[in-house]
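Results of the structural survey
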Amino acid sequence: MAAGKAAEAGAQVTLLEKTERLGKKLGITGKGRCNLTNTIDVKGFIENFPGNGHFLYGALYRFGNKELMSFFRTLGVDLKVERGMRVFPTSDTSKDILDALKDYIHSNSVNVSYLTRAKEIIVKDGAVKGVVTYDGRIFYGEAVILATGGSSYPGTGSTGDGYEIARQIGHTITPLRPSLVPLECEEDWVELVNGLSLKNVTLSVFYEDKLIDSEFGEMLFTNFGVSGPIVLTLSEKVSLILQNSISSVKLIINLKPALTPEELDARLQRDFTLFANRQFKNALDRLLPQSFIPVFLCLSQIPTDKKVNQITKEERRKLVTLLQGIPLTVKKARPLREAIVTAGGVSTQEINPKTMESRLVRGLFFAGEVIDIHGNTGGYNLQAAFSTGYLGGVNSAEYSLFSH
Ligand SMILES: Cc1cc2nc3c(=O)[nH]c(=O)nc-3n(C[C@H](O)[C@H](O)[C@H](O)COP(=O)(O)OP(=O)(O)OC[C@H]3O[C@@H](n4cnc5c(N)ncnc54)[C@H](O)[C@@H]3O)c2cc1C
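Residues numbered from 1 in each chain as written. Predicted model: local features only at pLDDT ≥ 70, side-chain atom pairs only at ≥ 80, totals over all residues. Heavy atoms only, no water.

So, the overall build of the protein chain
Counted only if it meets this: Each helix is a run of DSSP H or I of at least 4 residues and each strand a run of E of at least 2, with the numbering of both proceeding from the N terminus. Using a 1.4 Å probe on the protein chains alone, a residue whose accessible area is under 20% of its type maximum counts as buried, one over 50% counts as exposed, and one in between counts as partly exposed. Contacts are assigned to residue pairs that have any heavy atoms within 4.5 Å of one another. Here, Shrake-Rupley sampling with a 1.4 Å probe gives the accessible areas, and only protein chains in the shown set may cover a residue. Positive charges are assigned to Lys and Arg, negative charges to Asp and Glu, while His and the chain termini are left out of the count. We put the charge of a Lys on NZ, of an Arg on CZ, of an Asp on CG and of a Glu on CD.
For the protein chain, the count of helices and strands is 12 helices and 18 strands. With the principal axes as the frame, the protein chain shows a C-alpha extent of 85 × 45 × 35 Å. Burial analysis of the protein chain (404 residues in total) assigns 54% to the buried set. A separation threshold of at least 6 residues defines the contact pool for the protein chain, and within that pool the share at least 24 residues apart is 73%. Total accessible area computed for the protein chain in this model is approximately 18,400 Å², and 50% of it derives from carbon and sulfur atoms. Between the mean site of the 46 positive side-chain charges and the mean site of the 43 negative ones, the protein chain shows a separation of 3 Å.

Thoughts on the site of the ligand
Keep this limit in mind: For this description, a residue counts as near a given molecule or strand if any of its non-hydrogen atoms is within 4 Å of it. Polar contacts, as used here, are pairs of N or O atoms within 3.5 Å; protein pairs need one atom able to donate a hydrogen and one able to accept it. Residues neighboring in sequence count only if both atoms are side-chain atoms.
Surveying the vicinity of the ligand reveals 28 residues, the closest of which are Glu17, Ser158, Asp161, Glu369 and Leu382. One nitrogen or oxygen atom from the main chain of Leu16 is found 3.5 Å from a nitrogen atom belonging to the ligand. In the model, an oxygen atom of the ligand is placed 3.4 Å from a nitrogen or oxygen of the Asn381 main chain. Contact with the protein chains removes 89% of the 1,000 Å² of surface that the ligand exposes when unbound. Listing elements by their share of the shell around the ligand, those giving two or more residues are helix H2 (24-28) and helix H12 (380-396). It is H12 that provides the largest number of residues to the shell around the ligand, a total of 4 residues.

Let's talk about the packing of helix H9 (residues 261-274) against helix H11 (residues 313-323)
Quick reminder of the rule: In this description, a line fitted to the C-alpha atoms serves as the axis of each element, helices being fitted only across the stretch in contact, and the angle between N-to-C directions of two axes falls anywhere from 0 to 180 degrees. Oblique is the label for every angle not falling under 35 degrees (roughly parallel), over 145 degrees (roughly antiparallel), or within 65 to 115 degrees (roughly perpendicular). Two helices crossing with the near one rotated counterclockwise from the far one by less than a right angle form a left-handed crossing, whereas a clockwise rotation gives a right-handed crossing. Each residue is assigned to one class: nonpolar for Ala, Val, Leu, Ile, Met, Phe, Trp, Tyr, Cys and Pro, charged for Asp, Glu, Lys and Arg, and polar for all the others, Gly among them.
Their axes nearest at 10 Å, the elements H9 and H11 cross at an angle of 120°. When the interaxial angle is binned, H9 and H11 end up oblique. For H9 against H11, the interelement crossing comes out right-handed. Along its contact with H9, which presents Pro261, Leu264, Asp265, Leu268, Gln269 and Phe272, the element H11 presents Arg316, Arg317, Leu319, Val320 and Leu323. Considered class by class, the residues forming the contact of H9 with H11 number 7 nonpolar, 1 polar and 3 charged.

Overview of the domain arrangement of the protein chain
Put simply, the rule is: Each domain's extent is set by a domain assignment, obtained either automatically or from a database. When two components associate, each loses some accessible surface as probed by a 1.4 Å sphere; the sum of these losses over both components is called the buried area.
As far as domains go, the protein chain holds domain 1 (2-179 + 336-396), domain 2 (183-256 + 329-333) and domain 3 (261-326). Computed from C-alpha atoms alone, the centre-to-centre distance between domain 2 and domain 3 is 24 Å. With 12 residues of domain 2 at the contact, the number on the domain 3 side is 12 residues. When domain 2 packs against domain 3, close to 1,100 Å² is buried across both sides, 69% of that on carbon and sulfur atoms.

Notes on the pairing of strand E7 (residues 127-133)
Applicable threshold: Two strands are said to pair when DSSP picks up at least two bridges between them.
Among the 7 residues of E7, 6 are classified as buried, and the element is accordingly described as predominantly covered. Summarising the sheet, strand E6 (residues 118-124) and E7 pair through 6 bridges and their orientation is antiparallel. Its bridge partner being in E7, Glu120 is matched across the sheet by Val132. Hairpin geometry of E6 and E7 is characterised by an intervening segment of 2 residues between the two adjacent antiparallel strands and by a positive phi of about 50° at Asp125.

Comments concerning the environment of Ala276
Topologically, Ala276 is positioned in the loop between H9 and helix H10 (293-300). Distance in space between the C-alpha atoms of Ala276 and Ile351 is 68 Å, their sequence separation being 75 residues. Setting aside chain neighbours within four positions, we find Ala276 in contact with Val308 and Asn309.

Remarks on the packing of aromatic side chains
Threshold: Two aromatic rings, drawn from Phe, Tyr or Trp (for Trp, its six-membered ring), form a pair once their centres lie within 6.5 Å of each other, and the interplanar angle then sorts them: stacked below 30 degrees, edge-to-face above 60, tilted otherwise.
Going through the model one piece at a time under the given rule, you end up with 12 aromatic pairs. The interplanar angle of 80° and the centroid separation of 5.1 Å between the aromatic rings of Phe71 and Phe72 together place this pair among those described as edge-to-face. Geometrically, the ring pair formed by Phe71 and Tyr104 is edge-to-face, given 4.9 Å between the ring centres and 85° between the ring planes. Within this pair, whereas Phe71 is found in helix H5 (residues 65-74), its partner Tyr104 is found in helix H6 (residues 94-107), the two being separated by 33 residues in sequence. Across the pair, exposure class does not vary: Phe71 and Tyr104 are buried alike.

Dropping the structure here:
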């Protein structure tokens, strides 16, 4: 976006790409479907950015979701809106978004230099002069847009190079940490339900017995702990707590959030009347996913072969509590390389939010995840990358044309 917009505005642009292909990460977004934005209003957008949302006001007003959607539609990509106001290409393939962007830069004569890894930015008298690559080449230019992405999924090319490049020329890099990341749990039983997805549950985060946040929706068990949409969303707060604390973080899964404890107890009573002569282990089919039943039996501490009609009122009450409060203990967040987004990055204090230009170096612009911004899942992060890319592109073109 940045390269294309700069070229469209009249600059002669060279795009340096470290890998042999453009947009490797874009290709895997949204499970290969690319959730490119969200139709929420600007205020909603900002609220979905736990990391420096306010910094994005200018960019989102100038080139927000409507402008982005019409940009892609003009390039011939049909878009659709799904649950949660998430926007995807109608074809359900991220390749269409990527191809449209490639066509866009090629039709604006952007020169792409593949397998070209930027190492440092040359600065003279407080202004950008060009870029030095790892293989010793120098690309001269009056403006440089640093859009090297974050530090996660390094296989896509986003290995965090931009942080070092920016640091070398005086920019502050706020501490990096994983955001939107799966969580490792202490309980061994999670392995037994590896792959099980729970829908319509509420997950709550507790720290030192205080409720920090909760989310309703879908989560997933993995061989090490938990993942899935609501876990990723809550992981932002969890990773922040874990960074500054040695106490553990507790998670509580409410498997039946739509019912009050009394309603759930009545529901249990109905099931237990129906299955009065069964063993306890055979009485939960209507209540829980099959693969979760052995775990639930174990956590309940009620003998699995106990006859249902012998279960006491006290035991039933405990079952209600358990159904609405499966406890988990977070060991740690998975590493940065497995995060969907990197929190932290080039300090927003040092970037002009109206232009994306550095406040320290003339002609230096930033775009995307390399900036200290991070949003929730739902198309927010890509929109932020496109919006900041737009501003960086348009404003960098005001400098003289690149020469090399
Ligand atoms: C699995 C996964 C799914 C995701 N799904 C979504 C989603 O559906 N919706 C959403 O909004 N967000 C999603 N995200 C987040 C989103 O992909 C990123 O926030 C976004 O791609 C950031 O864009 P960017 O242009 O800043 O960086 P990137 O997309 O990371 O691109 C950076 C580019 O810079 C290149 N580069 C890096 N260093 C150098 C160097 N030294 N020299 C030259 N080139 C270099 C890289 O090779 C890469 O091509 C997802 C992320 C992941 C990991």
